[in-house]
Amino acid sequence: LRENALTGALPTELGRLAKLHVLDGSDNQLTGPLPESFGTLTALKQLCLSGNRLSGHLPNGLIGMTALEVLYLHANQISGPLPPDLARLTALRYVNLSHNELTGPIPDAYCALEQLETLLLNNNHIRTPYPPALGRLLFGEATVHRREQAELLRRLRTATATCTWSGRLTGD
């Protein structure tokens with residue numbers, strides 16, 4: 001479904017596709033909120049709807065997608081706070097919510113996402129400071145590779161980590 005000039009709202013009927021593993025409707029002209037019915041997609045591993053005009057809050061129904069590993073919703077118009085319940089999606093590995101209208105702090109609960117390798121939140125209205133334990137992830141343009149993570153975490157134990165406006169991870 002990617003790059004097919006699709007328009008309009010996402011149909012709630014997509015929530016009936018119980019065995020769906022990948023939903024990629026990126027780079028279309030989709031509008032409106034993410035349907036609550038997506039929470040019934042328990043086998044879904046990748047939800048990619050970037051580059052659309054999706055709006056509204058991230059629905060609570062997302063926590064039903066227990067197999068979700070990839071959540072790409074960047075370059076939309078999604079607003080509101082980052083939901084703490086997103087931390088219940090313990091299989092999450094890659095999250096890109098950049099270039100939206102998200103607000104508030106990053107919930108401390110996100111620090112418990114042990115599988116999470118990438119968290120991109122740049123170009124939103126996220127409040128700093130970020131939880132220091134999230135220093136193991138990607139912020140904006142700052143890339144941290146796995147072999148560098150152990151060293152970075154060692155440094156963060158004695159540092160105060162914040163994320164500058166440009167999205168680069170810095171520490172004192």
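Look above for the structure.
I will try to describe carefully the structure that is included in this document.

Rules and cut-offs
Residues numbered from 1 in each chain as written. Predicted model: local features only at pLDDT ≥ 70, side-chain atom pairs only at ≥ 80, totals over all residues. Heavy atoms only, no water. Helix = DSSP H or I, 4+ residues; strand = E, 2+ residues; numbered from the N terminus. Buried < 20%, exposed > 50% of the residue type's maximum accessible area, 1.4 Å probe, protein only. Areas by Shrake-Rupley, 256 points an atom, 1.4 Å probe, with all protein chains shown as cover. Salt bridge = Lys/Arg side-chain N within 4 Å of Asp/Glu carboxyl O. Pairing = 2+ DSSP bridges. Axes fitted to C-alpha atoms, helices over the stretch in contact; angles between N-to-C directions. Contact = heavy atoms within 4.5 Å. Polar contact = N/O pair within 3.5 Å; in protein donor to acceptor, adjacent residues only side chain to side chain.

Quick look at the overall build of the protein now. Of the regular secondary structure elements, the protein holds one helix and 13 strands. Going from the N terminus to the C terminus, the protein shows its helices and strands as β-β-β-β-β-β-β-β-β-β-β-α-β-β. Of all 172 residues assigned to the protein, the portion counted as buried reaches 43%. Of the roughly 9,000 Å² of accessible surface on the protein, 52% is carried by carbon and sulfur atoms.

Taken as a whole and judged by the stated rule, the model has five salt bridges. R2 serves as the salt-bridge partner of D27, at 3.3 Å between the closest nitrogen and oxygen. Of this pair, D27 sits in the loop between β2 (22-24) and β3 (29-32) while R2 sits in the segment before β1 (7-9), and the two are 25 residues apart along the sequence. By relative accessible area, D27 is classed as partly exposed at 35%. Judged by its relative accessible area of 41%, R2 falls in the partly exposed class. Between R93 and E117 there is a salt bridge; the shortest N-O distance is 2.8 Å. You can see R93 sitting in the loop between β7 (77-81) and β8 (94-96) and its partner E117 sitting in the loop between β9 (101-104) and β10 (118-120), a full 24 residues away along the chain.

In this section: the sheet that holds strand β4 (residues 46-48). Reading across the sheet, the five strands line up as β2-β4-β6-β8-β10 and stay open at both edges, with parallel pairing between neighbours. One side of each edge strand has no neighbouring strand; the edge strands of this open sheet are β2 and β10. Between one strand axis and the next, the sheet turns by 5° as a mean value, whatever way the strands run. When strand β6 (residues 70-72) meets β8, the two strands line up parallel, connected through three bridges. The residue bridging V70 from the neighbouring strand is Y94, located in β8.

Quick look at the environment of Q29 now. Along the polypeptide, Q29 turns up in strand β3. Here the alpha-carbon distance between Q29 and N76, two residues 47 residues apart in the chain, equals 9.9 Å. When sequence neighbours within four positions are dropped, the list of residues in contact with Q29 reads L6, T7, G8, N52 and R53.

We now examine the side chain of N28. Its location among the elements puts N28 in the loop between β2 and β3. The buried category is assigned to N28, whose relative accessible area is 7%. Within the structure, the side chain of N28 is placed 2.9 Å from the backbone oxygen of L1, a separation counted as a polar contact. From its side chain, N28 meets the backbone nitrogen of A5 in a polar contact 2.9 Å long. Once residues within four sequence positions are removed from consideration, N28 is found in contact with L1, R2, E3, N4, A5, L6, G51 and N52.

Read these as layout, nothing more, since geometry by itself doesn't imply function.
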